[in-house]
Every structure is written in structure tokens, then in C-alpha cells.
Amino acid sequence: MTNANWTAPADTALIIVDAQNDFCPGGALAVDGGDEIIPVVNALRDHFNLVVLTQDKHPSGHCSFASSHDGKAPFETVEMPYGTQVLWPDHCEDGSEGVKFHKDLIVQDTDLWLEKGTHQDIDSYSGFYENDQKTQPRFANGKTLTETLNDAGITRVVLTGLAYDFCVGWHGLDAVKDGFEVVVVDDATRAIGMPTEDGQSDSKQDMDAQLAQNGVKVVSAADLPQTLGVPQP
Ligand code: VGL
Ligand code: ZN
């Protein structure tokens, strides 16, 4: 049993990645069980002083949309100047219902809200670095996510949201690169699970391996307080 009143250490922030309609059942890029994470995320957020929300937000005709590439279908790939890009159904278009956070997600005024994927020619799975691994999404005040977390004294991030094998996982890998300790809450995320080109594995298994190689812990919400070193009753 864990203490319901636990508080995460002040150096640890919660990041809620892309908890948006288009990644939930009925959405344009629905992740199986995507909506089931919402109550888990809502229950976690009260334990943290700092909560960051990311929002995948694309202009119409975005480069990550299969519909923007002649003869291409969703889930195929294309070579972009910055490398291989998976193509997706049109999703999270600015101004659409799909781009909005799930209606049951608790959002507070103090949450830090970061839009990503807003550049026409670069996709951005992560809020740290866009898919060219150079350009960085910015908060309205012009700061990057890394700068913002550093300024707040954050050294560790807890990742939740959608989808595990793309946006959540890329946040994890980038956070490690920028010096943060990273924990992913497995019942607060769900995977797309795309078969890989060699047919030997899928994107979920690949991300499991990459995160493990980078020292990222994946734990249940029930085990999170102990993982964060919160004294147990
Ligand atoms: C995502 C694909 C395209 C995600 C966003 O949030 O995981 N995946 N855009
Ligand atoms: Zn997207």
C-alpha cells in the first residue's frame, strides 16, 4: 500500500504528453486504450509541484501527414532532409476537435503548456527537440523545455501520456540527453505498436529496448513513490 498523500521531491516534474482527442478512441490516430490513461494521469498530477503539458499541434498540410506526399499512405515512411519520417493520418490540426486535450484531463492554470509540431516542414515527437534533433519547440515566453526545467531546479522527469512508442519515448530519450533522470509510468501511457520494417519486432518493443539502454525506468503508478524515493509508511 502506498500513502495517498505522498509528494514527489521538488526536483521532479510530471510531463503529460499529448493527452489529446486524436490519440484516443474515435480520434484520427487513435491509440488502443488511449483514454484509459486519463484517470491515472489525473490521479498522479496532484503529487507534483510542476506539471508540463505537451500538445501536438500541426498546420494543415503538415509534412508528417501522408496526405501531403503523393502516393504515400499512413504508416509508410518518407525521407525528409533531416532523416526518415513515419507518415501519419492527418491529426491534431490546429483548430480541430482532435487537437484538444481529452475532455476529462485535468488542466490547471499553473501547468506549463508546450505546443510542438507547429513547423510545417519538421515533425516534433518530443517537446525537447524536433525530429531534426536541432530545432527546439518554445514556450510562449521563448524558453525551451530544457531551459524551463533547469530554471525550476528540475533534475528528474516522470513521463505519462501518448503514445509510448513515439512521443512519450522520444521525450524520454531527449531528456536523458539533456541530463535528466527519467521515469515512465507504464499504466499512464499506451503504445501505437507499429510493425518494424524487418518484421522482427514492433515500435513498442524497440522503444522498450532504447529506453532500457538509456537507463530509463518504466514503473507502475503504484510503484512510483518508491521509485522516486518517497518515504513509505
Ligand atoms: C504522435 C505520431 C504523430 C504521438 C504525434 O503523440 O505519439 N505520434 N504525432
Ligand atoms: Zn503529430
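Residues numbered from 1 in each chain as written. Chains lettered and ligands numbered in written order. Predicted model: local features only at pLDDT ≥ 70, side-chain atom pairs only at ≥ 80, totals over all residues. Heavy atoms only, no water.

Asker: Sorry if this is basic, but what is going on with the layout of surface pockets here?
Answerer: Empty space left among the atoms is revealed by rolling a probe the size of a water molecule over them. When its volume is computed, the largest pocket comes out at roughly 420 Å³. Taken together, 19 residues line the largest pocket, and the ones lying closest to its centre are Val86, Phe166, Met194, Thr196 and Ser203. Listing elements by their share of the lining of the largest pocket, those giving two or more residues are β4 (83-86), α3 (164-177) and α4 (203-213). Of the residues that constitute the lining of the largest pocket, the class distribution is nine nonpolar, seven polar and three charged. (1 Å grid on protein atoms, 1.4 Å probe; cavity = no way out; pocket = protein on both sides within 12 Å on 5 of 7 lines; lining within 4 Å. Points joined across faces, edges and corners; volume = space filled by probe spheres on them. Helix = DSSP H or I, 4+ residues; strand = E, 2+ residues; numbered from the N terminus. Nonpolar A, V, L, I, M, F, W, Y, C, P; charged D, E, K, R; others polar.)

Asker: Whenever I open this one, the environment of valine 168 confuses me. Can you help?
Answerer: Tracing the backbone through its elements, the reader meets valine 168 in helix α3. Its relative accessible area of 0% is what places valine 168 among the buried residues. Along the chain, valine 168 and aspartate 18 lie 150 residues apart, while their C-alpha atoms are 8.4 Å from each other. Among all residues touching valine 168, those that are not within four sequence positions of it are Val17, Leu159, Thr160, Gly161, Leu162, Ala163, Val184 and Thr189. (Buried < 20%, exposed > 50% of the residue type's maximum accessible area, 1.4 Å probe, protein only. Contact = heavy atoms within 4.5 Å.)

Asker: Would you mind going over the site of ligand 1 with me for this structure?
Answerer: Residues in close proximity to ligand 1 include Asp18, Phe23, Leu29, Asp56, Trp88, His91, Leu162, Ala163, Phe166 and Cys167, which together make up its full environment. At 3.0 Å, a backbone N or O of alanine 163 approaches an oxygen atom of ligand 1. Cysteine 167 is positioned such that a nitrogen or oxygen atom in its backbone is 3.2 Å from an oxygen atom of ligand 1. In isolation ligand 1 exposes 260 Å². Once the protein is present, 100% of that is buried. (Near = heavy atom within 4 Å. Polar contact = N/O pair within 3.5 Å; in protein donor to acceptor, adjacent residues only side chain to side chain. Areas by Shrake-Rupley, 256 points an atom, 1.4 Å probe, with all protein chains shown as cover.)

Asker: Teacher, can you tell me more about the coordination of the zinc ion (ligand 2) here?
Answerer: Expected angles at a metal are 109.5 degrees for tetrahedral coordination by four donors and either 90 or 180 degrees for octahedral coordination by six donors. Note on the zinc ion (ligand 2): its protein donors are Asp56 (OD), His58 (NE2) and His91 (NE2). The metal-donor distances range over 2.0 to 2.1 Å. The coordination sphere of the zinc ion (ligand 2) comprises four donor atoms, whose angles at the metal cover 87 to 171°; the geometry is irregular. Each donor residue of the zinc ion (ligand 2) lies on the same chain, and together they follow the pattern D-x1-H-x32-H. Residue aspartate 56 is located in strand β2 (residues 51-56), and its partner histidine 91 is located in the loop between β4 and β5 (112-116); the two are separated by 35 residues in the primary sequence. Given a relative accessible area of 3%, histidine 91 falls into the buried group. (Donors = N, O, S within 2.8 Å, 3.2 Å for Na, K, Ca; no water. Tetrahedral: all angles 85-135°; square planar, octahedral: opposite > 155°, others 65-115°.)

Asker: Could you clarify how one ought to interpret the side chain of arginine 45 in this entry?
Answerer: Take arginine 45: it is sitting in helix α1 (residues 37-45). A distance of 3.0 Å separates a polar side-chain atom of arginine 45 from the backbone oxygen of isoleucine 106. Once you skip the residues sitting within four places of it in the chain, arginine 45 turns out to touch Leu14, Val51, Ile106, Val107, Gln108 and Asp111.

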